[in-house]
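# Structural overview
Next come the chains, spelled out residue by residue.
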Amino acid sequence: MQPTVLLGTRKGFIAWRFSNNRWQVENLSFEGSPVSIAYADARTGTWWACLDHGHWGVKLHRSNDRGNTWEEVAAPAYPEGEEIKEGIPATTRYIWAMANGGKNFHSRLWIGTDPGGLFMSEDAGNSFQLVESLWNHPTRKEGWFGGGRDQPGIHSIVVDPRNENRIHIGISCAGVFETIDAGKTWEIRNKGMRAEFLPNPDAETGYDPHILVAAPTNPDILWQQNHCGIFRSIDAGRNWMDVGQADGPANFGFAITVADDNADQAWVAPANSDMTRTAVKGALCICRTDDGGKSWKAFRNGLPQENCFDIVYRHALASSGDALMFGTTTGNLFFSPDRGENWQVLNNYLPMVYSVQFAG
Amino acid sequence: MATVKFTYALKKFFSGLKDTATGAGTLSEILNEMDTSFPGIRSYIVDEQGSLRKHVNIFIDGRLINDRITLRDSFSEDSEIYIIQALSGG
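Residues numbered from 1 in each chain as written. Chains lettered and ligands numbered in written order. Predicted model: local features only at pLDDT ≥ 70, side-chain atom pairs only at ≥ 80, totals over all residues.

With that settled, consider the overall build of chain B. Counting its secondary structure elements, chain B contains 3 helices and 5 strands. Ordered by position from the N terminus, the helices and strands of chain B form the series β-α-β-α-α-β-β-β. A compact globule built from 90 residues would reach a C-alpha radius of gyration of about 12 Å, and chain B, at 12 Å, matches this within 12%. Overall, the C-alpha framework of chain B stretches about 35 × 30 × 25 Å when taken along its three principal axes. Out of the 90 residues in chain B, the part that is buried amounts to 26%. When contacts within chain B are restricted to residue pairs at least 6 apart in sequence, long-range pairs at least 24 apart make up 42% of them. (Helix = DSSP H or I, 4+ residues; strand = E, 2+ residues; numbered from the N terminus. Rg over C-alpha atoms; globule rule 2.2 N^0.38 Å. Buried ≥ 20, exposed ≤ 12 C-beta atoms within 10 Å, placed from the backbone. Contact = placed C-beta atoms within 7 Å.)

What follows is the structure, encoded as structure tokens:
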């Protein structure tokens with residue numbers, strides 16, 4: 001297990017550290033400000049805080065000393081005159097994903113935003129440029145729309161460690177897109193997904209993958225917790241199969257994480273259907289599959305089983321070795337040392353948790 | 001010269017911020033001038049397309065500006081320009 005966990009919360013950036021056999025808060029930064037993503041770049045140890053100031057806009061800060069000091073860098077910005085749709089100017093409304101470019105591209109970083117722009121930095125985050133090929137994709141203006149946010153948003157950026165110019169992204173609502181040339185060209189990878197909320201469920205775009213992740217041991221195996229179920233691909237997104245439980249609880253939700261050492265083992269945090277977005281039957285559980293989604297087990301030991309309203313946002317469930325951690329919409333933080341079978345409460349009084357990431 | 005005043009909330013990010021006399025002729029020029037002294041401050045007040053952020057207000061002599069998109073409201077040499085956050089959120 002990596003010994004640090006970074007939380008992005010509605011009221012700040014919080015780092016927890018495991019030492020002397022217990023979790024303790026190591027750092028609190030940006031107290032009072034919403035942090036949409038708290039991100040650690042595993043290559044450098046740099047921490048990033050993506051801020052969503054209610055008044056002052058989206059800001060980006062980085063720290064090279066574990067949060068003791070921070071430096072503000074220019075947040076991704078849309079070029080002058082760009083529009084989301086006719087007559088609606090494009091501005092960065094939210095940073096919803098961050099990923100490093102991999103070990104062969106030391107200075108490369110990716111950022112996904114609402115309203116649907118992907119940004120790339122080739123100078124370690126000193127500046128970010130809009131990936132125009134995706135922004136100008138012929139499907140964007142008519143075939144993408146808001147889901148979870150008012151405008152389309154990129155919440156998932158999955159860099160293939162075998163070829164770091166190959167990247168899958170997840171967009172709500174548009175679906176999964178793949179590039180094999182670091183963003184110069186894009187293919188739509190929505191075959192097999194469902195979009196029950198669309199008049200045409202077989203549309204080219206408009207799908208709602210709540211989060212997209214790859215199996216570390218086999219990056220061709222992709223998983224997504226979708227608005228319409230849990231989907232898995234064994235061919236890098238060319239075909240998707242619904243592997244959720246039709247009658248739940250592993251069906252609707254936002255978060256998913258895959259084991260470091262087993263491409264068939266994954267966890268989801270079920271929620272009630274999109275009608276209520278509450279805990280299923282007032283109780284929290286984490287579901288795990290050990291066989292690529294053929295079957296799921298629900299684990300509840302240590303989690304609240306009555307009067308519970310918590311759900312888990314898309315970036316707020318993480319795994320590292322045998323350990324799992326998740327934060328909830330009502331500010332609870334839970335830790336499992338044994339692959340989700342038993343849970344401990346770390347805190348009941350946090351702000352709403354937006355992101356959870358294990359780090360070194 | 002007109003005087004520009006800032007909400008205390010901005011001083012959290014730009015600690016040297018204080019009432020400033022300006023010879024600039026437009027609100028946009030004022031923001032550019034301020035950005036030279038306090039790099040990045042412009043992006044706290046307007047978005048990348050130059051429009052006033054949704055939850056930020058600018059008052060000229062006690063009057064809320066009309067043009068939030070291109071910031072063309074006029075002011076005089078003895079005007080007081082106040083940049084303030086809207087009261088919103090929780």
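Okay, back to it.
Taken together, the contacts link 14 residues of chain B with 11 residues of chain A. Considering only residue class, the side of chain B that touches chain A consists of 3 nonpolar, 8 polar and 3 charged. (Nonpolar A, V, L, I, M, F, W, Y, C, P; charged D, E, K, R; others polar.)

All names here are of chain A. Reading across from one edge, β22-β23-β24-β25 is the order of the 4 strands in this open sheet, with antiparallel pairing throughout. Each of the sheet's edge strands pairs with one partner strand only, and the pair in question is β22 (253-259) and β25 (297-299). Pairs of neighbouring strands in the sheet enclose a mean axial angle of 25 degrees, with direction left out of account. (Pairing = 2+ DSSP bridges. Axes fitted to C-alpha atoms, helices over the stretch in contact; angles between N-to-C directions.)

Quick look at unusual backbone geometry now. All names here are of chain A. Along the chain, serine 172 connects to cysteine 173 via a cis peptide bond; the corresponding omega equals -5 degrees. Tracing the chain through its elements places cysteine 173 in the loop between β15 (167-172) and β16 (175-179). Cis geometry is found at the peptide bond from glycine 248 to proline 249, where omega equals 0 degrees. A positive phi angle is found at phenylalanine 30, which is not glycine, with a value near 55 degrees. Its location among the elements puts phenylalanine 30 in the loop between β3 (22-29) and β4 (35-40). With phi around 55 degrees, lysine 281 is a residue other than glycine that occupies positive phi space. Among the secondary structure elements, lysine 281 is positioned in the loop between β23 (262-270) and β24 (286-289).

Time to look at the sheet that holds strand β1 (residues 4-9) of chain A. All names here are of chain A. A sheet is described by the order of its strands in space; here 4 strands give the open sequence β3-β2-β1-β30, paired in antiparallel fashion. With partners counted over all chains shown, the strands left at the sheet margins are β3 and β30 (353-359), one partner each. The average angle at which neighbouring strand axes cross in this sheet is 20 degrees, direction not considered. Sheet topology note: the strand β2 (residues 12-19)/β3 ladder contains 7 bridges and is antiparallel. Note that in β3 the partner of alanine 15 across the bridge is asparagine 27.

This next bit is on the environment of isoleucine 95 of chain A. Residue and element names in this part refer to chain A. The residue isoleucine 95 is located in strand β10 (residues 94-100) in this model. Spatially, the C-alpha atoms of isoleucine 95 and isoleucine 167 are 18 Å apart, while their sequence positions differ by 72 residues. If sequence neighbours within four positions are ignored, isoleucine 95 has contacts with Ser36, Ile37, Cys50, Val58, Ile111 and Thr113.

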